[in-house]
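# Survey of secondary and tertiary structure
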Amino acid sequence: MKRQRTSVPPSILEVIKNEECAWSEHATDSRFRLGLEWADVIEVARTATSRKRAKDKQRSGQYVNAIIGRDRRGRKMYMAGKVISYEGKRHWYVITIHEAD
C-alpha cells in the first residue's frame with residue numbers, strides 16, 4: 001500500500017540535514033554526472049512537493065521514500081532513498097537521484 005504525502009517528515013529531514021549519508025552506486029553515478037552535492041540533496045528534500053512511501057521490496061519492514069523537489073539550481077529532481085542505521089546513527093541512503101520529467 002502506498003500513501004501520498006506532500007512533504008518530507010521532519011524526522012527524515014533532520015537525518016538528511018545532519019549530513020549522515022550514503023550513496024548507492026547508481027546515485028553516485030548520477031551525482032557526478034549532474035554535479036550534485038549533499039546540499040542539493042538537502043534542497044530536494046526541503047522543497048519537496050511530492051512524497052510517496054512504499055515498502056522496500058528488498059528489505060522486510062523497511063520503507064523507501066520517493067521525493068520530488070528542486071535542487072539548488074532549480075532543477076526538478078526525483079530522489080528515492082531511505083533511512084538506515086549504521087554504527088548507532090541514522091543515515092539517509094540515496095538509492096537514486098535524477099532530473100524529474
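Let me begin by describing the structure that accompanies this report. The structure presented is a predicted model; accordingly, all values stated were derived computationally and were not measured.

### Topic: helix α3 (residues 38–46)
- Among the nine residues that make up α3, seven are buried, leaving the element largely enclosed by the rest of the structure.
- Where α3 is concerned, the buried positions are W38, D40, V41, I42, E43, V44 and A45.

### Here's the deal with the packing of helix α1 (residues 10–17) against α3
- α3 packs onto α1 with a crossing angle of 165 degrees between their chain directions and a minimal axis gap of 9 Å. In terms of orientation, α1 lies roughly antiparallel with respect to α3. Considering only the axes of α1 and α3, their crossing is left-handed. Side by side, α1 and α3 meet where L13, I16 and K17 of the first sit next to W38, V41, I42, A45 and R46 of the second.
- Of the residues assigned to the contact of α1 with α3, the class counts are six nonpolar, no polar and two charged.

### With respect to the environment of E25
- Note that E25 resides in helix α2 (residues 25–34).
- Each C-alpha atom, one on E25 and one on R73, is 23 Å from the other, the two residues being 48 residues apart in sequence.

### Examining the environment of C21
- As for its position among the elements, C21 is in strand β2 (residues 21–23).
- Distance in space between the C-alpha atoms of C21 and H91 is 4.9 Å, their sequence separation being 70 residues.
- Among residues more than four places away in sequence, those in contact with C21 are W38, H91 and W92.

### With respect to the packing of aromatic side chains
- Counted under the stated rule, the structure contains one aromatic pair.
- Where W23 meets W38, the ring centres are 5.4 Å apart and the plane angle is 85 degrees; that geometry is what we call edge-to-face. On the criterion of sequence distance, the pair formed by W23 in strand β2 and W38 in helix α3 is long-range, its members being 15 residues apart.
- Of note, R53 hangs over the ring of Y63, and the distance from its end group to the ring centre comes to 3.6 Å.

Criteria and thresholds
- Residues numbered from 1 in each chain as written.
- Predicted model: local features only at pLDDT ≥ 70, side-chain atom pairs only at ≥ 80, totals over all residues.
- Heavy atoms only, no water.
- Buried < 20%, exposed > 50% of the residue type's maximum accessible area, 1.4 Å probe, protein only.
- Helix = DSSP H or I, 4+ residues; strand = E, 2+ residues; numbered from the N terminus.
- Axes fitted to C-alpha atoms, helices over the stretch in contact; angles between N-to-C directions.
- Parallel < 35°, antiparallel > 145°, perpendicular 65-115°, else oblique.
- Left-handed = near helix turned anticlockwise from the far one by under 90°.
- Contact = heavy atoms within 4.5 Å.
- Nonpolar A, V, L, I, M, F, W, Y, C, P; charged D, E, K, R; others polar.
- Phe/Tyr/Trp six-rings, centres within 6.5 Å; stacked < 30°, edge-to-face > 60°.
- Lys NZ or Arg CZ within 6 Å of the ring centre and 35° of its normal.

These values are about where atoms sit, not about what they do.
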